[in-house]
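Fold and geometry: a report
Here is how the chains run, residue by residue.
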Amino acid sequence: MVTPSMHSITIQDIPYRPDSENLFAVLRDLPDAIWLDSGKPRSLQGRFDIISASPDALIETRGELSTITDSEGSHTSTEDPFTLVQQLLEPMLDIDSGMSVHPFVGGVMGYFGYDLGRRLVDIPDRTKTVADLPDMRVGRYLWSLVINHSTQQSQLIFHELCPTVLRRDVTQRLNRLESLESLESLESLESLDTEASESKFSLISPFKPTLSPDKYNQSIASIKDYIAGGDCYQTNFTQHFSADYKGDLWPAYLALREAAPSPYSAFWQWQDKALLSISPERFLKCSLGNVETKPIKGTLLRGKTVEEDQDNAVKLLNSDKDRAENLMIVDLLRNDLGKNCEPGSIRVPKLFALESFPNVHHLVSTVTGVLAEGSGPIDLLRGCFPGGSITGAPKKRAMEIIEELEPVKRSVYCGSIGYISATGRMDTNIAIRTVIADGTTLHCWGGGGIVADSQADSEYQESINKIQLLLDTLENHR
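All values reported here derive from a predicted model rather than from experimental measurement. Throughout this description, residue numbers start from 1 for each chain and increase along the sequence as written. Local features in this predicted model are restricted to residues of pLDDT 70 or higher, and side-chain atom pairs are both shown and tallied only at a pLDDT of 80 or more, whereas totals for entire chains, interfaces and linings draw on every residue. Only hydrogens and water are set aside when side-chain values are computed; all heavy atoms of the structure are taken into account.

1. Topic: the environment of Val170
Strands are runs of DSSP state E lasting at least two residues, helices are runs of H or I lasting at least four, and both sets are numbered from the N terminus onward. Counting through the fold element by element, Val170 comes out in helix H3 (residues 164-182). The cut-offs for exposure are 20% and 50% of the maximum accessible area for each residue type, with area from a 1.4 Å probe on protein chains only; residues under the lower value are buried, those over the upper are exposed, and the others partly exposed. Here Val170 falls in the buried class, since its relative accessible area comes to 0%. Counting along the chain gives 144 residues from Val170 to Val26, while the straight-line C-alpha distance between them is 9.1 Å. Two residues form a contact once any of their heavy atoms are found within 4.5 Å. If we ignore the near neighbours within four places in the chain, the residues touching Val170 are Leu27, Leu30, Trp143, Leu156 and Phe158.

2. Describing the pairing of strand S8 (residues 136-141)
Of all six residues in S8, six are buried, a share of seventy percent or more. Side-chain alternation along S8 places Met136, Val138 and Arg140 on one buried face and Arg137, Gly139 and Tyr141 on a second face that is also buried. Two strands are said to pair when DSSP picks up at least two bridges between them. Note that strand S4 (residues 57-62) and S8 share five bridges and pair antiparallel. Following the sheet pairing, Leu58 is matched in S8 by Gly139.

3. Focus: the packing of helix H5 (residues 249-259) against helix H10 (residues 456-475)
One way to put it is that H5 packs onto H10 with a least axis distance of 10 Å and a crossing angle of 135°. By the angle between their axes, H5 is oblique relative to H10. Once H5 is placed against H10, the crossing between them reads as right-handed. Packed against H5, whose contacting residues are Ala252, Ala255, Leu256 and Ala259, the element H10 presents Leu469, Leu470, Thr473 and Leu474 at the interface. Asp, Glu, Lys and Arg are counted as charged, while Ala, Val, Leu, Ile, Met, Phe, Trp, Tyr, Cys and Pro are counted as nonpolar; the rest, among them Gly, fall into the polar class. Residue composition of the contact of H5 with H10, by class: seven nonpolar, one polar and no charged. Axis definition: a line fit to C-alpha positions, over the contact stretch in the case of helices; interaxial angles, taken between N-to-C directions, run 0 to 180 degrees. Working definition: roughly parallel below 35 degrees, roughly antiparallel above 145 degrees, roughly perpendicular at 65 to 115 degrees, and oblique for all remaining angles. Two helices cross in a left-handed way if the nearer one is turned anticlockwise from the farther one by less than a right angle. They cross in a right-handed way if the turn is clockwise.

4. Considering empty space enclosed by the protein
Lining residues are defined by having an atom within 4 Å of a point belonging to a cavity or pocket. Those points lie on a 1 Å grid over the protein atoms alone, cavities being sets where a 1.4 Å probe fits but cannot get out and pockets being open sets with protein on both sides within 12 Å along at least five of seven lines. Grid points are joined across faces, edges and corners, and a volume is the space filled by probe spheres set on the points. Scanning all chains against the criterion turns up five cavities of 30 Å³ or more. The volume enclosed by the largest cavity comes to roughly 180 Å³. Mapped onto the lining of the largest cavity, the elements with two or more residues apiece are strand S18 (296-301), strand S25 (441-450) and H10. Looking at the lining of the largest cavity, the element that brings in the most residues is S25, giving five residues. Across the lining of the largest cavity, the residue classes break down as six nonpolar, nine polar and six charged. Counted as a void, the second largest cavity has a volume near 60 Å³. Lining the second largest cavity, in full, are Ala260, Ser262, Ile278, Pro280, Phe357, Asn359, Val360, His362, Arg433, Lys466 and Leu470.

5. Comments concerning helix H6 (residues 306-317)
Helix span, as expected, comes to 1.5 Å for every residue beyond the first. The end-to-end C-alpha distance of H6, which contains twelve residues, comes to 17 Å, matching closely the 16 Å that a straight helix rising 1.5 Å per residue would cover. Asp309, Asn312, Ala313 and Leu316 are the residues of H6 that are buried. Buried residues of H6, seen end-on, are gathered within an arc of 100° and therefore sit on one face of the element. Across from the buried face of H6, at angles greater than 90 degrees, the exposed residues are Glu307, Gln310, Asp311 and Lys315. Buried positions along H6 lie against S18, helix H7 (320-338), strand S19 (347-356) and strand S20 (360-370). Along the arc lie the directions from the helix axis toward the C-beta atoms.

Given below as structure tokens:
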């Protein structure tokens, strides 16, 4: 019996830049170019930027049907979408374990929308669709540009299966960028972005809410009735906003990341669809069998002065309501991790830690575990999906209440965006603070966890506070 040889990985160092904007600009006209953005140099928490493009296969799932497109054409399947992702990844496996020090050496990248959760949790389908994006869209990417801001290194990584013509194109583009920079001709970079629109981005109309304040208050009252009746402990309730736009979404994303740099951001555009995610929340990370999730529960606006800001931080840290809300989700996630982690391995090294962002303070806990033998990152993702921090507890009943009270489907929002490397490493966000584009319409949501002592007026304002900076940035963009 002949043992198959391991796939080789080629790594090329390129000059490090503290901001990856120009790197993506010279690559973004390639098919399905995607940027998993750490928010550096402005974000304090980010570490890696990962850029890739031109996947050789794509999976798009809508309801019960998935369409798989590759070099041989396309076919459909009703199989479990997570199984299809595993099958997409399989040909890239068998890589030297030494490559696992790199976050992404090729593998799958994309998103798992909140509504994909209907394949895992049996809930009614009552709400209307306002954004016609697939429930899941994942591509198999054969190369990556990885920028490590901690070590100040940038590396161009090619999987053995990456075609020579694609390697050459990517390398030439980056070499041309380096030449322009060495000639101090950065003003010429715009010419490299061959898909840049002649028209500037702008909104045609301001963002408008789907829910009226009265209807929002009625929904909060219903949730509190369910809590009082013992149906649930907490339900994450969100409201939807939409606006029409024109022009190029790339400068819109750059404006968002400038205004609200966040460590788990992403930009992905295809056809007339796009994701502009400025997420501060990690969903699941898996590295060398070690698992981490970092749920956010508890939010308060930044202060206008240093003193007010410090007072708000202390107030949040000492908020019994926010701490209780956070603890409920920590317990839910401990249970979800337990489905695929070694018994006794789950720990909570950080509980109610303060993390501060340009617009808000958050309470963030960290839950860790060790992946069980026989379980992989995709099993972990499936077992925890959708994230408990954006459903409530218990998960199934909270999702049923969400379905009853929220007037539109969440689409990508509250799902997860990220990567699964051929080495078994994975990192995904919770897709909050996320704007999605469908045709000429932008969609955005804001929400929060509702518990027994929630006050409708303050919850309404909190849901606005979380995304106000995003809405203002897009509305004021010129």
